[in-house]
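What follows is the residue order along each chain.
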Amino acid sequence: MSDPANRNGIASTNSVATSTEGVQLLVSEMNSFMSDFGLVSVQLDRTRSLLRCDLTDKLRSHAGTAPVGLQATVMDFVTSDPALVAAAPDWTATQDLSLHGAGWVTVGPIVVDSTLVRVGKKVVVVAADVYDGNGCEDLHELAAAIDAADPRSRPTLAARGLVTFARLPRAAAHGADEYTPDRWIGQIRSRPMVPIEDALYPRLGIRVIDAARGELELDRTPFVANQIGTIMGGVQALLAEYAANAMRPELVASDIQMNFLAQVRVGPARTYGTVIRDDADHSVVSVRLVDAGADEMILALATVTLRKPPAHR
Ligand SMILES: CC(C)(COP(=O)(O)OP(=O)(O)OC[C@H]1O[C@@H](n2cnc3c(N)ncnc32)[C@H](O)[C@@H]1OP(=O)(O)O)[C@@H](O)C(=O)NCCC(=O)NCCSC(=O)Cc1ccccc1
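Since this is a predicted model, take the numbers as computed values, not measurements.

**A closer look at the site of the ligand**
Okay, step 1: Within the structure, the ligand sits among 20 residues, and T94, P169, G233, L261 and Q263 are positioned closest to it.
Okay, step 2: At 3.3 Å from an oxygen atom of the ligand is found a side-chain nitrogen or oxygen belonging to D76.
Okay, step 3: In this structure, N226 approaches the ligand through a side-chain N or O atom, which is 3.4 Å from an oxygen atom.
Okay, step 4: Starting from 1,100 Å² of accessible surface for the ligand in isolation, the protein chains cover 60%.
Okay, step 5: Residue assignment for the shell around the ligand shows that the elements contributing at least two residues are helix 1 (68-87), strand 5 (91-101) and strand 8 (157-168).

Have a look at this one:
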């Protein structure tokens, strides 16, 4: 089988995800908001996975940096691999995700190193370090640099994060049997690369209802949904970041905490923002995500810290 969009001959996966309300969505790697991220990963062993993501101009924040929602998206993606290996045969859903900036990713690629921390009966916890690859695209070279004994040889840490996954029955995820990171140990895997015309936020189709109040909406479409039929955790992080930035447009997000409480039943996802701190050099915004089509059922709670952009410091 040949797939011209696929750089390493890895078959792209299509699956019909059914949400908790029984709505069917055709979820495909070829038609995802991440299709032009240039995602390449390697499962180094059963407990560690490394991923890189291109930082093209389309994906940059208004300050030219890698948006925190984008870092959260790729962090969610790569940490799920050691989680799925550890949780097998269960599937996983992201329950909590935190990401704290140590610096800005300005050159790229974005590199995320994820390591299994704890396997429990109900949850699996995976830590992640985010680096600016500074032009290096070779994952084995990056892993060696991260592991270097001399701290001066290591890439600069851009952020540190922690992701808690809840165990779900494997039947919750359509296409689960095609996604088997435990069989990919040592393999470099490139996702299908399909160009997308729009920049990161416009492509999601976010509707701004009231910027000053952080009120935005996003439909659940196959473009942003995952195998269990809800809006991907990373997209919810991007939505929360966008809402916080709508309230404080002169700043740029550096940290995010997401608590995913329920899965989208109907959609759209709607945000409500509250500024909980305004200081000289930063603000903190709390964002509530609800399912507007399901009696405003709470989907997630987010806290976003925003700072002055690096060029203005
Ligand atoms: C499930 C939980 C995390 C925990 O809640 P609790 O209160 O502890 O449990 P709850 O009472 O709600 O469950 C009772 C029972 O139902 C089971 N079950 C649950 N769901 C399903 C299902 N869909 N289908 C079938 N069964 C389901 C559940 O196992 C349990 O079974 P049991 O009774 O033990 O036999 C909940 O807070 C939640 O859904 N949060 C939102 C999570 C979220 O949306 N995250 C963001 C998107 S994820 C993402 O993006 C990842 C990604 C990364 C990278 C790339 C791609 C993807």
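**Regarding the nonpolar core**
Okay, step 1: Counting 75 residues, the largest nonpolar core has F33, F37, I110, I256, M258 and L289 as the members making the most contacts within it.
Okay, step 2: Here this core gets 10 residues from one element, more than from any other, and that element is helix 1.
Okay, step 3: Ignoring anything within four residues of it in the chain, the contact list for I256 reads V68, A72, L97, S98, L99, A237, A240, T303 and V304.
Okay, step 4: L50, Y131, C136 and L139 belong to the second largest nonpolar core, which has 10 residues in total.

**Observations concerning the side chain of T230**
Okay, step 1: The residue T230 is located in the loop between strand 11 (215-218) and helix 4 (233-247) in this model.
Okay, step 2: Among residues more than four places away in sequence, those in contact with T230 are R220, V224, A225, Q236, Q263 and V264.

Definitions and cut-offs
- Residues numbered from 1 in each chain as written.
- Predicted model: local features only at pLDDT ≥ 70, side-chain atom pairs only at ≥ 80, totals over all residues.
- Heavy atoms only, no water.
- Near = heavy atom within 4 Å.
- Polar contact = N/O pair within 3.5 Å; in protein donor to acceptor, adjacent residues only side chain to side chain.
- Areas by Shrake-Rupley, 256 points an atom, 1.4 Å probe, with all protein chains shown as cover.
- Helix = DSSP H or I, 4+ residues; strand = E, 2+ residues; numbered from the N terminus.
- Core = buried A, V, L, I, M, F, W, Y, C linked by side-chain atoms within 4.5 Å.
- Buried < 20%, exposed > 50% of the residue type's maximum accessible area, 1.4 Å probe, protein only.
- Contact = heavy atoms within 4.5 Å.

What is shown is where atoms sit, not what they do.
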